[in-house]
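Residue-level structure breakdown
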Amino acid sequence: MAGKKVIITGVPGVGKTTVINEALKKLRESGIEYQSINFGSFMFEVAKSENFVKDRDQMRTLDRAVQKKLQQQAGQAIAKISGNVLIDTHASVKTPKGYLAGLPEWVLREIMPDIIVLVETDDDQILMRRLTDETRARDKEGSRAISEHQQFNRSIAAAYAMLTGCTIKIVTNADFLLDRSSADLAEVLR
Ligand code: AP5
């Protein structure tokens with residue numbers, strides 16, 4: 001039987017990777033397995049091997065044509081993976097030239113997701129998480145800009161649903177409520 005393809009998105013620092021890891025732990029306890037794929041890691045491996053970037057946060061600033069090429073290669077590679085697949089990526093990427101669709105038509109048609117999840121929380125919580133995460137070179141921006149990005153992601157997700165017929169699920173990952181957000185995500189994946 002064909003597996004489920006679920007795409008998880010959220011602005012940087014919203015905690016999507018954290019929620020994914022917790023949800024997958026819960027599912028494993030009930031015998032449900034998903035292969036978890038990080039779209040950015042696929043892009044980064046190619047970008048690093050071609051000496052375009054040294055760290056993954058530099059990818060957002062690459063020439064748009066290069067970012068699109070990397071996206072396409074990642075989409076094609078991920079489309080070949082069978083079974084239940086969970087893809088950790090972005091509905092849109094904030095580049096110096098404006099928002100870049102994270103899932104343009106040619107990537108969506110390869111993957112054809114069943115569900116797209118938007119992980120969201122309050123803008124000020126995201127701001128604090130970015131400021132306290134020393135492991136990454138997070139974009140420095142205020143709550144207002146984060147709010148705009150979250151709103152843009154909802155709008156573009158509607159376009160993705162129109163193209164593929166997938167459903168859109170919003171999961172809130174509020175401070176101190178990781179158990180609730182991961183349970184919500186696990187429910188979607190069952
Ligand atoms: P990616 O690897 O996805 O980078 P990212 O957006 O920074 O995602 P992370 O997984 O690092 O952050 P997160 O939001 O999941 O937060 P985390 O769980 O770490 O992508 C890298 C790059 O690849 C992109 O920048 C882009 O250039 C490129 N890319 C990817 N997909 C693309 C696409 N489709 N098209 C084009 N380019 C693409 O958590 C953050 C912090 O919050 C942690 O400190 C955590 O402890 C804390 N936290 C989480 N949950 C909670 C909670 N409930 N309460 C309190 N603290 C919490």
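Residues numbered from 1 in each chain as written. Predicted model: local features only at pLDDT ≥ 70, side-chain atom pairs only at ≥ 80, totals over all residues. Heavy atoms only, no water.

**Quick look at the pattern of salt bridges**
Cut-off, in case you're wondering: Throughout this description, the term salt bridge denotes a Lys or Arg side-chain nitrogen within 4 Å of a carboxyl oxygen of Asp or Glu. Elements are defined by DSSP. Helices are runs of H or I of four residues or more, strands are runs of E of two residues or more, and each kind is numbered from the N terminus. Throughout, exposure labels follow a simple rule: accessible area from a 1.4 Å probe, protein chains only, divided by the maximum for the residue type, with under 20% read as buried, over 50% as exposed, and the rest as partly exposed.
Tallied over the entire structure, the rule returns 14 salt bridges. Among the salt bridges present, the one from Asp88 reaches Lys16, with a minimum N-O distance of 2.8 Å. Here Lys16 lies in helix H1 (residues 16–29) and Asp88 lies in strand S3 (residues 85–88), a separation of 72 residues in the sequence. The buried category is assigned to Asp88, whose relative accessible area is 4%. Taking the relative accessible area as the measure of exposure, Lys16 reaches 11% and is therefore buried. In this structure, the salt-bridge partner of Glu141 is Lys94, at a minimum N-O distance of 2.7 Å. Here Glu141 is found in the loop between helix H5 (123–132) and helix H6 (143–164), whereas its partner Lys94 is found in strand S4 (residues 92–95), with 47 residues between them in sequence.

**Here's the deal with unusual backbone geometry**
What you tend to see is this: most non-glycine residues have negative phi, and most peptide bonds are trans. For Asn51, which is not a glycine, the phi torsion comes out positive at approximately 60°. Among the structural elements, Asn51 can be located in the loop between helix H2 (39–49) and helix H3 (64–79).

**Some points on helix H7 (residues 178–189)**
In plain terms, the rule: Multiply 1.5 Å by the residue count of a helix minus one, and that product is the helix's expected span. The arc refers to the directions leading from the helix axis to the C-beta atoms. Throughout, a residue-residue contact means that at least one pair of heavy atoms, one from each residue, lies within 4.5 Å.
For H7, with 12 residues, the first-to-last C-alpha span of 16 Å sits near the 16 Å given by 1.5 Å per residue. Taken together, the buried positions of H7 are occupied by Ser181, Ser182, Leu185, Ala186, Val188 and Leu189. Down the axis of H7, the buried set is contained in an arc of 155°. They therefore lie on one face. In H7, those exposed residues whose orientation departs by more than 90 degrees from the buried face are Asp179, Arg180 and Glu187. Turning to H7, the residues buried within the fold contact strand S1 (5–9), H1, S3, strand S6 (115–120) and strand S7 (167–172).

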